[in-house]
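Chain by chain, the residues run as shown.
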Amino acid sequence: MDRKRSGGTMSRRTIAKLAAGAATAALGMPAVIRAQGSAVKLSFFYPVSVAGPLAKIMQGMVDDFNKANPDIQVNASFTGSYQDTTTKVQTAVNGKNPPDVAVLLATDLQTMLDLKAIVPVSDFTPGPEFDPKDFQPAFFQDTQIDGKTWNVPFQRSTPILYYNKDALKAAGGDPDKPPQTWEELVATSKKTMGASSAKWGVEFPTSQFAYWQFQALVIESGSDLNGEDHAHFTFDTPEATEALTWLVGLSKTEKVMPDSVIDWSAAPTDFSGGTTAFLYHSTGSLRSILSQAKFEVGTAFLPKNKQFGTPTGGGSMYLFKDRPQANQEAAWTFIRWMTAPAQATRWSLATGYVPVRISSTKSKEWLDSLKETPQANTAIEQLQYAKPELTGHQSGQIQKIMDDNIQAAVSGQKQPADALKNAQQQADAILKQFR
Amino acid sequence: MVQSETARAAVPVATARTSRRGAGALIPYLLILPGFFFVAAFTIYPVGSVIVHSLMRQNLAHPVPVWTGLTNYKDTFSDPIFRQVLGNTLLYVVMVVPPAVILGLIFAMIVNQKSKVASFLRTAFFYPIVLPLVSVASVWLFVMTPEYGLLSKAAQLLHLSEPALLRSPSTALPALAIVGIWRQTGFYAIFLLAGLQGIDKEVENAARLDGAGPVRLTLNIRLPLLWPTLVFVITLAMINALQTLDLVYVMTQGGPSNATNVFLFHIYETQFSFSNTGAASALSVIFLVMIGAVSAVNIFVVDRLRGEASGA
Amino acid sequence: MAHKPGRLVWNLVLVLLGLTWIIPLLWVAVTAFRSESDSIASSIIPHVWTLDTFRVAWDSAPFGRYYINTMIIAFGIIAVQIVTSVLAAYAFARMRFRGRELLFYLYLLQMMIPISALVIPNYITMKDLTLLDTLIAIMLPYFGSAMGTFFLRQSFRGIPIEYEESARIDGASLWRIIFQIYLPNAKSALLAFLLISFSYHWDDFFWPLIVTSSDTKRPLTVGLALFTQASESGAAWQLVSAATMLVIVPVLVLFLLFQRQFITGYAHSGLK
């Protein structure tokens, strides 16, 4: 970073290093001692990107952790969207003042490694509650690079199809038999628009996470956006073109979807307000939608084209470099607590995120809740069709390139094939440096 | 005013103090030092520093900076997103500055009267300028949000189709421009009001006696006398519009499809989201050149015009 | 002059124009008093008026902390700016020394180069100083003010030199001359500068956004921006409205109280 200073300032740099060393020694020692006396203070950054009062729920869990662990004091900071949070963490890491723990996208792993920002959690003593085999395998595979575990799945998700059972009934359909294919979805959408109060058949938000839900369409068409490694992506394929053409057609030719970029944050409210009969959205919005909707809500697998398919998604907890060892140890305790089966069940029941622990899904609490809200099981069952979310070097930038081009296609500024060609070119221009 | 006055002031400045020698001669430097230190450290030094950084490659793939000459500039100018960003920024300036200045002039004329209505209007027109831009963005985000927003409500009442201004690439930037105009017009009106009030009443009265109506009075008398103030306000409005960020950050995050991605937002995302210091530095230098050019006009040309207008 | 009915219609048009300028704020203000369960979809005016939403908004983000931070930043910057600007302004106004012109122009560069264009090198500087995520990092770049110096210099020059000379005969120190003779005589310039500087730093968003990362260091603007994003995701517009009002009301009250001073202050900045 400070190349400008490198000419003839070796001495200055050495002094800085010495000073930093001295500071670490001075600060690190008391931190260890303080851990026995008063509490270790941890900073924790987290984003919110689905519907519902998630900040409040998160604060409640952190408070309970602090109560249960008087020697650790976690200070939770809400840091905006995932993108904002990643930016904040990057800023903090650059300033050698990273948070102790952060929830970032699971797909940020490669970027965090490129930044040299994180430490593998597998370097720490696992402890009884941390059992890798008890995590959903579809999520745990995203944590692995070079045989190490780099983060812990926390608020993981997939997109699912939400539908309005009343609207389906009004359209003469069986409310327990939602559309299973793209064609059925379009046909049913048209019927509901005529028969029910729903103004629109379906909403597929593209203002944020367009790349994510679009990836599902590509997987369903028999391909994927992820390439052979973290420096290659396959955007410009016949399958992707087919998927994007279908998506654009929903509003342009089939007229079952509003004709502009649909807002990610507002779409769940549109659905629970009855404006649209079907909604593509994260399972993390489930509880908020259930509590807001005044009709019976159904959830289903994303309809298939050639096959069922979905990417994994959501956030994991990361541990950072440049923190005193006492903090890292305490942070690891915090992460284990937050991702233990009891908390995984609690977080999932409060939000709709998929329980990351297999034992959670077998707990009495969870099984009882399914009797009330069987809708929560859809995402777990859909995991068998899941592939890893679009990830690689510069994943934030790559995801944005995909988002921008999908938006351009949806709003009619580019033909689907051109949009994907542009996305491929822009991505390749960035990624060639990593090959 | 800068040039002329420093030249004029050189004469009377000589005081007892100048004759001192030795330690006393240091006093002016010591007085200037504290402020100058911060100006030097955070305005002058960073200009040099950002130029140097713009000539080096430094990004996530190559964390160690390496000299690359003008590569960052070449890459920037050939990047389609940069062209879009530049276009958006200039388009925003064009959409905001003329309406804001013209409306500001109209406001100033309306408010430049003594009546109950005028004083109500003064408050109504001028209050947005003290609101933090971020809160202005929150207000308008809500006004423009589909379904719940005020605009949607109005459309529902009139049975029109509901607008989704911020969701379509063709309307998002104009929507931001409306907010920019709403917030800034009063600000420019203040300067123009001061300019109007500075016009010699005798000149206006003489013109009136010659039979000039309000339109002729404005076009033939007021506008020429206001010219320096107008140039000042136009350049100021351009500088402000070029630096738009807060509205974009809160209302659109540069979307949809980069339709509202403006210069500062692009610098921000390039550095802080994409970790590309070399490219972000090159962008900053290009931006500095643009802003610096307009600022120079603002300071030096306006200065000269004022000098001419006052006959100095 | 215009006859009565014409004037009435004209005034009506003007009042309508003024109302269009006020309506967006009114809309947000009204919504802030709507309870969280009262859907905005159902009516424009709340069914029940409540202050509860303000309490919920205040509790759901550390607005108190944000307020304190903004105060510290704005007052801290202003306090230092006054000292640095007064000293430099006196030197530039009343003293003759080598390099004065050059130094003055270098100083004025700050008025031409907005700090927003320099966020990246300044961010790197703060990183090198290990000051990221501190309030002092938000304030440091503003401690020297070309505008303040320029304002005060102009004003100091208008003060008769005899004041200074007679004080000097009485044996007053340079310090006393500057702070007891010059400063009190430059009140209107000082006030104008203070108001402008204060509202600028109350508003400032981009630089604090970049240098802060933790919740406890955020000023109001950054806090509100994040709060808006978070609440928008639940379409909790009542909360957004209440939070926005929390941020707006203090400055709005100040403006209504000191309207004339604000306006003359800004006008002063444009016309020296």
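Residues numbered from 1 in each chain as written. Chains lettered and ligands numbered in written order. Predicted model: local features only at pLDDT ≥ 70, side-chain atom pairs only at ≥ 80, totals over all residues. Heavy atoms only, no water.

Counting residues at the interface gives 26 residues for chain A and 21 residues for chain C. For the pair chain A and chain C, the two sides together bury roughly 1900 Å², of which 51% comes from carbon and sulfur. Where chain A packs against chain C, one counts 0 salt bridges. In this assembly, chain A and chain C are joined by 5 residue pairs in polar contact (both at pLDDT 80 or more). At 6 residues, the largest contribution of residues to the side of chain A that touches chain C is made by helix α3 (residues 82-94) of chain A. Counted by class, the side of chain A that touches chain C contains 7 nonpolar, 13 polar and 6 charged residues. (Contact = heavy atoms within 4.5 Å. Buried area = accessible area lost by both parts, 1.4 Å probe. Salt bridge = Lys/Arg side-chain N within 4 Å of Asp/Glu carboxyl O. Polar contact = N/O pair within 3.5 Å; in protein donor to acceptor, adjacent residues only side chain to side chain. Helix = DSSP H or I, 4+ residues; strand = E, 2+ residues; numbered from the N terminus. Nonpolar A, V, L, I, M, F, W, Y, C, P; charged D, E, K, R; others polar.)

The next point concerns unusual backbone geometry. Here the residue pair Gly255(B) and Pro256(B) is connected by a cis peptide bond, since its omega of -10° sits within 30 degrees of zero. Position of Pro256(B) among the secondary structure elements: in the loop between α11 (246-251) and α12 (263-273). The phi dihedral of Lys116(A) is positive, around 55°, even though this residue is not glycine. Positive phi, close to 65°, is recorded for Asp133(C), a residue that is not glycine. Its place among the elements puts Asp133(C) in the loop between α5 (119-128) and α6 (135-139).

Listed per partner, the contact involves 100 residues of chain C and 99 residues of chain B. Both faces combined, the contact of chain C with chain B buries some 9000 Å², and carbon together with sulfur accounts for 76% of it. If you look at where chain C meets chain B, you find 1 salt bridge. The partner of Arg183(B) in a salt bridge is Asp203(C), and the shortest N-O contact between them spans 3.3 Å. Across the contact surface, chain C and chain B share 9 residue pairs in polar contact (both at pLDDT 80 or more). Here the side of chain C that touches chain B gets 15 residues from one element, more than from any other, and that element is helix α1 (residues 4-32) of chain C. Across the side of chain C that touches chain B, the residue classes break down as 67 nonpolar, 21 polar and 12 charged.

So, on to the sheet that holds strand β11 (residues 297-300) of chain A. All names here are of chain A. Ordered in space as β9-β10-β8-β11, the 4 strands form an open sheet in which the pairing is mixed. In the strand order of this sheet, the two ends are held by β9 (200-203) and β11, each with one partner. Strand-to-strand, the axes of this sheet are offset by a mean angle of 20°, without reference to chain direction. As judged from the 5 bridges shared by strand β8 (residues 159-164) and strand β10 (residues 276-282), these two strands associate in the antiparallel manner. For Leu-161, the partnering residue across the bridge sits in β10 and is Tyr-280. Of the strands in this sheet, β8 and β10 touch helix α8 (residues 210-220), which is tilted by about 100° from β10. (Pairing = 2+ DSSP bridges. Axes fitted to C-alpha atoms, helices over the stretch in contact; angles between N-to-C directions.)

All names here are of chain A. Burial of strand β1 (residues 40-46) is extensive: 5 of the 7 residues sit out of reach of the surface. Judged from the 2 bridges that link them, β1 and strand β3 (residues 101-105) form a sheet pairing that is parallel. Looking at the pairing, Phe-45 lines up with Ala-102 of β3. (Buried < 20%, exposed > 50% of the residue type's maximum accessible area, 1.4 Å probe, protein only.)

Right, let's get into helix α7 (residues 182-195) of chain A. All names here are of chain A. Over its 14 residues, α7 runs 20 Å from end to end, which matches the ideal 20 Å to within 8%, given 1.5 Å per residue. Burial in α7 covers these residues: Trp-182, Leu-185, Val-186, Thr-188, Ser-189 and Thr-192. Those residues of α7 hidden inside the fold are in contact with β8, α6 (165-170), β9, α8, α9 (238-252) and β10. (Expected span 1.5 Å × (residues − 1).)

A few words on the packing of aromatic side chains. Residue and element names in this part refer to chain A. Under the defined criterion, the tally for this structure stands at 66 aromatic pairs over all chains. For the pair Tyr-82 and Phe-209, a centre-to-centre distance of 6.2 Å together with 90° between the ring planes defines the contact as edge-to-face. One end of the pair, Tyr-82, is in helix α3; the other, Phe-209, is in the loop between β9 and α8, with 127 residues separating them in the sequence. With respect to class, Tyr-82 is no different from Phe-209; both count as buried. Arranged with centres 4.8 Å apart and planes meeting at 55°, the rings of Phe-204 and Tyr-280 form a pair that is tilted. (Phe/Tyr/Trp six-rings, centres within 6.5 Å; stacked < 30°, edge-to-face > 60°.)

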